[in-house]
Amino acid sequence: MREIVYMVHVSLDGCVEGPNGEFDWPVMGPELSAYSQELSARAGEFAYGRKVWDMMSSYWPDAESISDHPHDIAFAPVWRATPKIVFSRTLEKADWNTRVFGGDLTEAVASLKAEAGENVLLMGGAELAGELTARGLIDEYQVFVHPVVLGGGKRPFAEGAARLGLELAQSRIFDDQVVLLRYRRA
C-alpha cells in the first residue's frame, strides 16, 4: 500500500510563505538539493493542491530558461518526467502527465493509496495538507526548517486543527543551516 509523504519548507516561525505570498526564502544548498532529488526519485507521483500546482506548472516546464541554479537545473527534468496529481474542485484537466482528482478527498486518497507503485510525495502548500492531516491521511511529514523569520504568512496546517500525535523518525541538518524534522504518525 502506498503512503502519502508531505514535504514542506517552513520558516523558523512556521510559515510556508511570507505575509505577501513570498516564496523566495528557502535555501536550496547542495546537500538539501541532493536529498530532495533522492526523495523525488523514491516517489511514484508528485501531488499538489490547486494553488501550488499553478505555481509549479508555471515554473518547472521552462525552469532552465528562467534559472541557472543547480537545484533547478537538476530538478526540472525530474518534474517533467514524474507523474503528477492535482487535488482540485475546479480544475478539470492539467498538462505534464497529470491526473486531476476532484470530489471526495478521502475517497480519492484511499484509491491512490490502494494503487500499486511508489509513495505519493505531496509538495508544499497549506490548505490541502491541512485537510489531509485533519482526515488522518498523511503518513509521513518531512518538514524543512529554514533560517528565516517571515513575520507572518500562511502556515502549513489549518487553524483549529485537531491534535495529532507524531513520532520523530529522523532529524538532520543540511548545508549547516536547514533542519529536517521527519515525523511519522504515532
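Report follows, based on the coordinates.

What counts and what doesn't
- Residues numbered from 1 in each chain as written.
- Predicted model: local features only at pLDDT ≥ 70, side-chain atom pairs only at ≥ 80, totals over all residues.
- Heavy atoms only, no water.
- Helix = DSSP H or I, 4+ residues; strand = E, 2+ residues; numbered from the N terminus.
- Expected span 1.5 Å × (residues − 1).
- Buried < 20%, exposed > 50% of the residue type's maximum accessible area, 1.4 Å probe, protein only.
- Polar contact = N/O pair within 3.5 Å; in protein donor to acceptor, adjacent residues only side chain to side chain.
- Contact = heavy atoms within 4.5 Å.

Helix length check: helix α1 (residues 30-41), at 12 residues, gives a terminal C-alpha distance of 16 Å against a target of 16 Å (1.5 Å per residue), a fit within 8%. Among all positions of α1, only L32, S33, Y35, S36, Q37, L39 and S40 are buried.

Along the polypeptide, A162 turns up in the loop between β6 (140-146) and β7 (166-174). On the basis of relative accessibility, which here comes to 62%, the residue A162 falls in the exposed class. Sequence separation of A162 and L132 is 30 residues, and the distance between their C-alpha atoms is 12 Å.

Okay, unusual backbone geometry next. Even without being a glycine, W96 presents a positive backbone phi close to 65°. Assignment of secondary structure puts W96 in the loop between β3 (84-87) and β4 (98-101). Given the relative accessible area of 36%, W96 is considered partly exposed. Although it is not a glycine, N97 adopts a positive phi angle of roughly 55°. Here N97 lies in the loop between β3 and β4.

Here we take up the environment of E64. By the secondary structure assignment, E64 is in helix α3 (residues 63-66). For the pair E64 and A74, spaced 10 residues apart in sequence, the C-alpha to C-alpha distance is 9.1 Å. A polar atom in the side chain of E64 sits 2.8 Å from the side chain of R80.

Summarising the element assignment, H71 is placed in helix α4 (residues 70-81). Owing to a relative accessible area of 8%, H71 belongs among the buried residues under this scheme. Other than its neighbours up to four places away in sequence, H71 contacts M28, S33, S36, Q37 and W60.

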